[in-house]
Amino acid sequence: MRILNFSLVILLLFAASCNRKPKTVKTKETRTSGHTTLLVDESFSRILDDQINVFNSDYPDASIKVIPGNENKIIPRFLNGEVDMLIASRMLKPSELSYYRRKQIPVYTDRFAIDGIALITNSTDRDSTITVADVLDLIKGTSKSNKKLVFDNAYSSTLRYFVDSAKVTALPKQGVYTLETNNDVIKYVAEHNDFIGVLGVNWLLESNKSVASYLPKIKTLAVKNLPGKKGDDNFYKPTQENLINGKYPFLRNIYVINGEGRSGLGTGFANWLASPRGQLIVLRSGLGPHKIMPREFNLKSKN
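In what follows, the accompanying structure is described. (Residues numbered from 1 in each chain as written. Predicted model: local features only at pLDDT ≥ 70, side-chain atom pairs only at ≥ 80, totals over all residues. Heavy atoms only, no water.)

### Things to note about the packing of aromatic side chains
Under the counting rule described, the total for this entry stands at 13 aromatic pairs. Measuring from centroid to centroid gives 6.1 Å for Tyr177 and Phe195, while their planes differ by 55°, and the two rings are tilted. Here Tyr177 is found in strand β7 (residues 176-178), whereas its partner Phe195 is found in strand β8 (residues 195-200), with 18 residues between them in sequence. Exposure remark for Tyr177: the relative accessible area of 30% places this residue in the partly exposed category. The exposure class of Phe195 is buried, given its relative accessible area of 10%. An aromatic cluster is defined as three or more aromatic residues linked by ring pairs; in this entry it consists of Phe151, Tyr161, Phe162, Tyr248 and Phe250. Lying over the aromatic face of Phe195, Lys148 brings its terminal NZ or CZ to 4.9 Å of the ring centre. (Phe/Tyr/Trp six-rings, centres within 6.5 Å; stacked < 30°, edge-to-face > 60°. Helix = DSSP H or I, 4+ residues; strand = E, 2+ residues; numbered from the N terminus. Buried < 20%, exposed > 50% of the residue type's maximum accessible area, 1.4 Å probe, protein only. Lys NZ or Arg CZ within 6 Å of the ring centre and 35° of its normal.)

Quick look at the structure:
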């Protein structure tokens, strides 16, 4: 009987161990570990991918999920507290932060890069330059040229930038058109004359296999600013130098907006974007960094 009882105990213990679920090891959240989510304006999704890849190589215990989307869709998700980290091209208005005020959560906004908005045309088009005044006239519907503007989509931050610049409340019925994506803009301009495509410089600079065959069929316009503004003395292309020195007229900042409310991974990543390593990635991307990091040289004299 003792042998049978002992065998029964062993069998019960084995069955219990089989039913026991393994414990999951949860990574402690710090500024360099854990999980966080970023809402990202899709115009900047490429440079954020580069930043996150390097950040993860430095901190393998960090997991950053990106939710890309147009400005009109991602900003409301931040404002209602659904996601507390946002990458956008504009600062939020005080009136938009009522949720965070009610929760007594501070919201921090920091610029980490300077982007330009490029104007592209078909490579066979005669014009290679345009003025800011000409572009704003197209947005206002007062232009007498046969040129037409085409944007990625009706809810993008790129279109909002020009609507704000032209100080209009509605787009004209003719002369301004929207598609769905930045790649659609590149393809459309490559196949049609007299259209000016509008898209972020970052999108043009990154290697993009899906539109590689279209790139030789487009060219980037040089732009001259309004009288009295910086860059009004000549036509400037959106090169990195002209983004940094401010001579290219159509500039916009890229902000990281942090409503995390604690010292977590989101805060760590936001700080890292402005760090020398993060700024070096911005510099290598072709955009303008928030600040130019000084180069240090170790000079050794020969005896």
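### With respect to the packing of helix α5 (residues 132-140) against helix α6 (residues 157-166)
Between α5 and α6, whose axes approach to 9 Å, the crossing angle comes to 95°. It follows from the interaxial angle that α5 and α6 lie roughly perpendicular. Contacts between α5 and α6 pair Val135, Leu136, Ile139 and Lys140 from the former with Phe162, Ser165 and Ala166 from the latter. For the contact of α5 with α6, the residue count by class is five nonpolar, one polar and one charged. (Axes fitted to C-alpha atoms, helices over the stretch in contact; angles between N-to-C directions. Parallel < 35°, antiparallel > 145°, perpendicular 65-115°, else oblique. Contact = heavy atoms within 4.5 Å. Nonpolar A, V, L, I, M, F, W, Y, C, P; charged D, E, K, R; others polar.)

### Brief notes about the pattern of salt bridges
Using the criterion set out here, one finds twelve salt bridges in the structure. Ionic pairing is found between Arg262 and Glu29, a salt bridge with its closest N-O pair at 3.3 Å. One end of the pair, Arg262, is in the loop between β11 (251-258) and α10 (265-273); the other, Glu29, is in the loop between α1 (2-19) and β1 (34-41), and 233 residues separate them in sequence. Relative accessible area serves as the criterion here: at 30%, Glu29 is assigned to the partly exposed category. A salt bridge links Glu82 to Arg77, with the shortest nitrogen-to-oxygen separation between them at 2.6 Å. Accessibility expressed as a relative area gives 47% for Glu82, which makes it partly exposed. The partly exposed category is assigned to Arg77, whose relative accessible area is 27%. Here the residues in one salt-bridge network are Glu29, Asp84, Glu260 and Arg262, joined through shared partners. (Salt bridge = Lys/Arg side-chain N within 4 Å of Asp/Glu carboxyl O.)

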